[in-house]
There are 4 protein chains.
Amino acid sequence: MIKTEIKYKVLYAHTDQMGVVYYGRYFEYFEAGRNDMLYKIGYPYPVLEKKNIILPVIESYCRYYTPAKYDQEITIISILYDIPTVRIKINYEIYFENNLLADGFTVHSFVNSEKMKPSRPPEDFLEIIKRNIKSDEIFI
Amino acid sequence: MIKTEIKYKVLYAHTDQMGVVYYGRYFEYFEAGRNDMLYKIGYPYPVLEKKNIILPVIESYCRYYTPAKYDQEITIISILYDIPTVRIKINYEIYFENNLLADGFTVHSFVNSEKMKPSRPPEDFLEIIKRNIKSDEIFI
Amino acid sequence: MIKTEIKYKVLYAHTDQMGVVYYGRYFEYFEAGRNDMLYKIGYPYPVLEKKNIILPVIESYCRYYTPAKYDQEITIISILYDIPTVRIKINYEIYFENNLLADGFTVHSFVNSEKMKPSRPPEDFLEIIKRNIKSDEIFI
Amino acid sequence: MIKTEIKYKVLYAHTDQMGVVYYGRYFEYFEAGRNDMLYKIGYPYPVLEKKNIILPVIESYCRYYTPAKYDQEITIISILYDIPTVRIKINYEIYFENNLLADGFTVHSFVNSEKMKPSRPPEDFLEIIKRNIKSDEIFI
């Protein structure tokens, strides 16, 4: 698997009147983790876009254990278990000080942005994934 | 089951640079549908809150078929299939002109907001659900 | 002047842990009002976009008097006082039950989306504005 | 004056279909800068809250020069020019690689959260401001 980790500060903007982070905002945290993973493997999303590949979300899921709160610096862990096919599934775990706050996943399809049709991932993208997925390394 | 329907206008604010609604925003649409369902069965969420019952989300899921776009007036269908226990699960379907754009669900627990502990739903809330869930009626 | 009015429901998503609507969300309410004004004068924003005219915001301002709250059905009033030149300024007032909650404005420039250069507004757009701005009518 | 600086990564979530950051999101960037300033002077917002002082926004303004874009690491500068009275005004400047993208301000009142009435700022808060505002130092 490939596992990356990023810190993120909870803003007032993210909270709701229950005094905790609004459930829909976790999907922005997932996005922050996802961007970060692509960066750290050396294939940032804008590079994909330049190759006319976009990654629309086709499924998203989150389970909430303990609410994230304003001003916490949370940790977003992103995990890739499987080599992508026409789809890629990324798992996420959100922590605050070793407590798991939430976890979930997103599934994306590779889409050619010119033809707006499903596509295979670029070869060099697959190469990078295959090279990294064997290890247990955490990129920080 | 109980099924309710509300219209919602897609704002520019909801879109992202892919030219479609950002995947995390659908959970706000789900919330709009959920609020609306509670209203239409005659038990708006603020009434629950006044009884010191809150409904934190413990699970959320969305599948995306066709992207919602700026300026569309989408239809949000909310469906309750089962009588709630200490949890309530609500399903959602998002349509634009008879095309299913996305569907998903949220699961909530009933929590006593004073003790911050799980709670059973209020009796009169269950009454209303039981009375309505037999029918196939769409509240509009 | 041209004055239009639309209702909008405050979601949980809009609130923050102060128990009121987050200050940045009012700019989405302004957008909802702005879209609505363009509709009601018969020149929806997507029509402008098809003519390769976009309206990026170059200034925005909001003053907050009384906080909007969850579940309120607020009224968004949008007002155009002046015939646009290369810019258009729209004013907004947000009410709940006759109480002014907030007011403000946005200023936009007309930009040709192909050349990404400032542009004059389309002639037929100006025509519509000139025809309507004389009256004091509220479109609802 | 007091001047602080923080970096912030632009997410896909922040963009709209114009391909740039949605105008309302800048107010979240301002908030990130504001939080950061309070931290760096040694008086984080949660400390104020514990003293039953909250800082509701009563005015907000932003001018947009060049749009922020997805994936940019922007710089948020927050500036306090004046010693607060019952109000505090903070100015902001958003940069990407030395280009000013936007600037603006927010004005907040000090409110006692128990009585929900305007309040003077806490004495030790004023002390800190007075001590720091003489210098031209940038906290990083």
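If you're wondering where the values come from, they're calculated on a predicted model, not measured in any experiment.

Student: So what's going on with the overall build of chain A? Which residues, and what values?
Tutor: On a plain count of helices and strands, chain A comes out with three helices and nine strands. When the helices and strands of chain A are listed from N to C terminus, the series reads β-α-α-β-β-β-β-β-β-β-α-β. At 16 Å, chain A has a C-alpha radius of gyration in line with the 14 Å of a compact globule built from 140 residues. Its C-alpha atoms give chain A principal-axis dimensions of about 45 × 35 × 20 Å. In chain A, which comprises 140 residues, the share counted as buried stands at 39%. If you take every contact in chain A between residues at least 6 apart in sequence, the share linking residues at least 24 apart comes to 69%.

Student: Describe the interface of chain A and chain B, naming the residues involved and giving the relevant values.
Tutor: The interface of chain A with chain B comprises 15 residues on the first partner and 15 residues on the second. Put simply, the parts of the chain that give the side of chain A that touches chain B at least two residues each are α1 (26–40) and β3 (57–64) of chain A. For the side of chain A that touches chain B, the leading source of residues is β3 of chain A, giving eight residues. Class assignment for the residues of the side of chain A that touches chain B results in 10 nonpolar, two polar and three charged.

Student: Tell me what's going on with the sheet that holds strand β8 (residues 117–118) of chain B, and back it up with residues and numbers.
Tutor: Residue and element names in this part refer to chain B. Across the sheet, three strands lie side by side as β2-β7-β8; this open sheet has antiparallel pairing. The outermost strands of the open sheet, each flanked by one partner alone, are β2 (53–54) and β8. Both strand β7 (residues 111–112) and β8 contribute to a ladder of two bridges, which runs antiparallel. Bridge pairing in β8 links Val 111 to Pro 118.

Student: An account of the interface of chain D and chain B is needed here, citing residue identities and associated values.
Tutor: A common way to express how large an interface is: the accessible area buried when the components associate. Across the contact, nine residues belong to chain D and nine residues belong to chain B. Its residues assigned to classes, the side of chain D that touches chain B shows four nonpolar, four polar and one charged.

Student: Kindly report on the pairing of strand β5 (residues 87–96) of chain B, identifying the contributing residues and their values.
Tutor: All names here are of chain B. For strand β4 (residues 73–80) and β5, the ladder comprises five bridges, and the chain directions are antiparallel. Bridge pairing in β5 places Ser 78 opposite Tyr 92. With antiparallel pairing between neighbouring strands as the criterion, β4 and β5 make up a hairpin whose turn holds six residues. Pairing analysis gives 10 bridges linking β5 to strand β6 (residues 99–109), with the strands arranged antiparallel. Looking at the pairing, Arg 87 lines up with Ser 109 of β6.

Student: Got a sec to walk through the sheet that holds strand β8 (residues 117–118) of chain C? Specific residues and values, please.
Tutor: All names here are of chain C. An order of β2-β7-β8 is seen for the three strands of this open sheet, with the pairing classed as antiparallel. Only two strands of the sheet have a single neighbouring strand rather than two, namely β2 (53–54) and β8. Strand direction decides the pairing type here: β2 and strand β7 (residues 111–112), joined by two bridges, are antiparallel. Note that in β7 the partner of Ile 54 across the bridge is Val 111.

Student: Describe in detail the relation of the copies chain D and chain B, supporting the description with residues and values.
Tutor: Once chain D has been moved 0.0 Å along the axis and rotated by 180 degrees, it coincides with chain B to within an RMSD of 0.0 Å. Overall, the copies show the geometry of a two-fold rotation axis. With an isologous cut-off of 70% or more, the 100% of interface residues of chain D that recur at the interface of chain B puts this contact in the isologous class.

Student: How would you sum up the relation of the copies chain A and chain B? Please name residues and give values.
Tutor: Two chain copies here: they are related by a rotation about an axis and a translation along the same axis. By a simple turn and slide, chain A fits onto chain B: the slide is 0.0 Å along the axis, the RMSD is 0.0 Å, and the turn is 180 degrees. A shared interface surface links the copies, since 100% of the contact residues of chain A are contact residues in chain B too.

Student: How would you summarise the environment of Ile 76 of chain D if you had to cite specific residues and measurements?
Tutor: All names here are of chain D. With respect to the helices and strands, Ile 76 occurs in strand β4 (residues 73–80). The spatial distance from the C-alpha of Ile 76 to the C-alpha of Tyr 95 is 6.5 Å, given a sequence separation of 19 residues. Leaving out residues up to four positions away in the same chain, Ile 76 has contacts with Ile 6, Tyr 8, Tyr 29, Ala 32, Gly 33, Tyr 92 and Ile 94.

Student: Quick rundown of unusual backbone geometry? Include the residues and the values.
Tutor: Located in the positive-phi region is Asn 52 of chain A, a residue other than glycine, with phi close to 60 degrees. Counting through the fold element by element, Asn 52 of chain A comes out in the loop between α2 (45–50) and β2 (53–54).

Student: Before we move on, can you summarise the pairing of strand β3 (residues 57–64) of chain D with the specific residues and values?
Tutor: As paired elements, strand β3 (residues 57–64) of chain C and β3 of chain D share five bridges and run antiparallel to each other. The residue of β3 of chain D that forms the bridge with Ser 60 of chain C is Cys 62 of chain D. Pairing between β3 of chain D and strand β6 (residues 99–109) of chain D: seven bridges, direction antiparallel. Paired with Ser 60 of chain D across the two strands is Thr 106 of chain D, which belongs to β6 of chain D.

Student: Hey, could you go over the confidence of the model for chain A for me, with residue numbers and the actual values?
Tutor: Averaged over all residues, the pLDDT of chain A equals 95, while 96% of them reach at least 70. Scored as a whole, the predicted complex attains pTM 0.96, and scored at its interfaces, ipTM 0.95.

Student: I'd like a rundown of the environment of Ala 13 of chain B, residues and numbers included.
Tutor: By the element assignment, Ala 13 of chain B lies in the loop between β1 (2–9) and α1 (26–40). In this structure the C-alpha to C-alpha distance between Ala 13 of chain B and Asn 91 of chain B, which are 78 residues apart in sequence, comes to 25 Å. Here Ala 13 of chain B is in contact with Glu 28 and Glu 31 of chain C together with Asp 16, Tyr 22 and Gly 24 of chain D, once residues within four sequence places are set aside.

Parameters at a glance
Residues numbered from 1 in each chain as written. Chains lettered and ligands numbered in written order. Predicted model: local features only at pLDDT ≥ 70, side-chain atom pairs only at ≥ 80, totals over all residues. Helix = DSSP H or I, 4+ residues; strand = E, 2+ residues; numbered from the N terminus. Rg over C-alpha atoms; globule rule 2.2 N^0.38 Å. Buried ≥ 20, exposed ≤ 12 C-beta atoms within 10 Å, placed from the backbone. Contact = placed C-beta atoms within 7 Å. Nonpolar A, V, L, I, M, F, W, Y, C, P; charged D, E, K, R; others polar. Pairing = 2+ DSSP bridges. Least-squares fit on C-alpha atoms with pLDDT ≥ 70 in both. pLDDT = per-residue confidence, 0-100.

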